[in-house]
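# Examination of the molecular architecture
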Amino acid sequence: MTRVYNFSAGPAALPEAVLRQAAEEMLDWHGAGCGVMEMSHRGKEFTSIVEQAEADLSELLGIPDNYRMLFLQGGATQQFAQIPMNLLAGGSADYLVTGTWSKKAYGEAKHLAGALGGAVRLAGSTETAGFTRLLRPDELDLDPRARYLHLCTNETIHGVELRDANLLPDAGVPLVADMSSHILSRPIDVSCYGLIYAGAQKNIGPSGLVVVIVREDLLGHAAPMTPTMMDYRVMAENGSMLNTPPTYAIYIAGLVFRWLKAQGGLAAVEANNVAKSNLLYDFLDASDFYENRVAHDSRSRMNIPFLLRDAALNDAFLAGATAAGLTQLKGHKSVGGMRASIYNAMPLAGVQALVDYMRDFSARNG
Ligand code: PMP
């Protein structure tokens, strides 16, 4: 068996130790005589799996007691609809647009606002700057009466990340953050947010699962037309199990949480992510063959887009990379070029192998 260094933006590489453990437990989980996929979601075995996953996630992120964790389905995209259904409550919501994903969230909220009897405002956008930097405070037009302010703290396609909590916009309204592509990459202060959500397929586990962390006072305000399955309060009251949850995805997420704890928790994980991203950015900045166009203070540690200055070499670059066991480096079609997604499961050795390949390719083609 040969495992490649997989730089996919998602579904992304999972820690090898997690995959090995899942393989070992596939046919018989802890003497249950069956695998996790085959268990009742209401039985004592799966109940212990979900309770452990919640406890570990809570410990990793330091989730305060007045927040609830939900394991839902439909990916992060379903949250684009579920958030206004639950939080708009006939009022107005502000949206910041800093890349493709926050633009999609804004579009879906606008699509639903009328039916929900509310309104949605664009409170700031970097679209004319090509989504290559964070918003500046003077570009914000915040409504202090908004029901919530939505933002995406790591734009997966454009490689723009907001890390500094001091830079979070403050209008005194609940912040709702899409953290799909950088959750669990470093410690955060959950209490800065009203709601955090993240699709699982980057730093958590299998796609389809979405984790929602919501402050309790935001539950119970769903619009009357909200389907029961989409009502956060109902899901919270039923331990995310109004219906059959994505049991296997939750189990894998639980293994990932335990793996993160074994790494030393999120402070240790962050140190590793700093080392990995610095290695690649330092190389890019020293090169006149490659370039990254994101403003230095806005650069993501998880998703690093880069261009070859001579785009005619793109296909040769990608073919050579694949042959060297470095896969999924093609950039998103909306930005072109390349993108290295280096989530928690990507080891430093993988980034080193990429930098070595890039150096060698530029020497041969420069
Ligand atoms: N938000 C962000 C920041 C993402 O990166 C993605 C997926 N790449 C999504 C939302 C959509 O996630 P899903 O496909 O799980 O709906």
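Residues numbered from 1 in each chain as written. Predicted model: local features only at pLDDT ≥ 70, side-chain atom pairs only at ≥ 80, totals over all residues.

Taken together, G10, G75, A76, T77, W101, C152, T156, D178, S180, S181, G199 and S207 form the complete shell of residues around the ligand. Top element by residues in the shell around the ligand is helix 3 (residues 75-87). It accounts for three residues. The residue makeup of the shell around the ligand, split by class, is three nonpolar, eight polar and one charged. (Near = placed C-beta within 6 Å. Helix = DSSP H or I, 4+ residues; strand = E, 2+ residues; numbered from the N terminus. Nonpolar A, V, L, I, M, F, W, Y, C, P; charged D, E, K, R; others polar.)

Another aspect to go through is the packing of helix 7 (residues 266-286) against helix 9 (residues 348-365). Running from N to C, helix 7 and helix 9 point in directions that differ by 5°, and their axes come no closer than 9 Å. One finds that helix 7 runs roughly parallel with respect to helix 9. Touching N272, A275, K276, L279, L280 and F283 of helix 7 are L348, V351, Q352, L354, V355 and M358, all from helix 9. Looking at the contact of helix 7 with helix 9, its residues break down into nine nonpolar, two polar and one charged. (Axes fitted to C-alpha atoms, helices over the stretch in contact; angles between N-to-C directions. Parallel < 35°, antiparallel > 145°, perpendicular 65-115°, else oblique. Contact = placed C-beta atoms within 7 Å.)

Okay, helix 9 next. Relative to the 26 Å expected for 18 residues at 1.5 Å per residue, helix 9 spans 26 Å between its end C-alpha atoms, a close match to the ideal helical length. Regarding helix 9, the residues found buried are G350, V351, L354 and M358. The arc that holds the buried residues of helix 9, viewed along the axis, is 95°, so those residues lie on one side. Facing away from the buried side of helix 9 by more than 90 degrees, the exposed set consists of A349, D360, A363 and R364. Along its buried surface, helix 9 packs onto strand 1 (5-6), helix 7, strand 11 (290-291), strand 13 (326-327) and strand 14 (338-341). (Expected span 1.5 Å × (residues − 1). Buried ≥ 20, exposed ≤ 12 C-beta atoms within 10 Å, placed from the backbone. Arc of directions from axis to C-beta.)

Strand order across the open sheet formed by seven strands is 2-10-9-8-5-3-4, with mixed pairing between neighbours. Looking at strand neighbours, the two that pair on one side only are strand 2 (67-72) and strand 4 (119-125), the edges of this open sheet. Sheet twist, expressed as the mean angle between neighbouring strand axes with direction ignored, is 20°. As paired elements, strand 9 (residues 195-199) and strand 10 (residues 210-215) share five bridges and run antiparallel to each other. Within the sheet, the bridge partner assigned to G199 lies in strand 10 and is V210. With respect to the sheet, helix 4 (residues 100-113) is in contact with strand 3 (92-97), strand 4, strand 5 (149-152) and strand 8 (175-178), its orientation differing from that of strand 3 by roughly 155°. (Pairing = 2+ DSSP bridges.)

In this section: the UniProt feature "domain: Aminotransferase class V" (unreviewed entry) in the protein. Here the UniProt feature "domain: Aminotransferase class V" (unreviewed entry) sits at residues 4-354. What you have in residues 4-354 is 32% helix and 17% strand, and the ends, taken at the C-alpha atoms, are 11 Å apart. (UniProt positions renumbered as here; feature names shortened; annotations may be inferred.)

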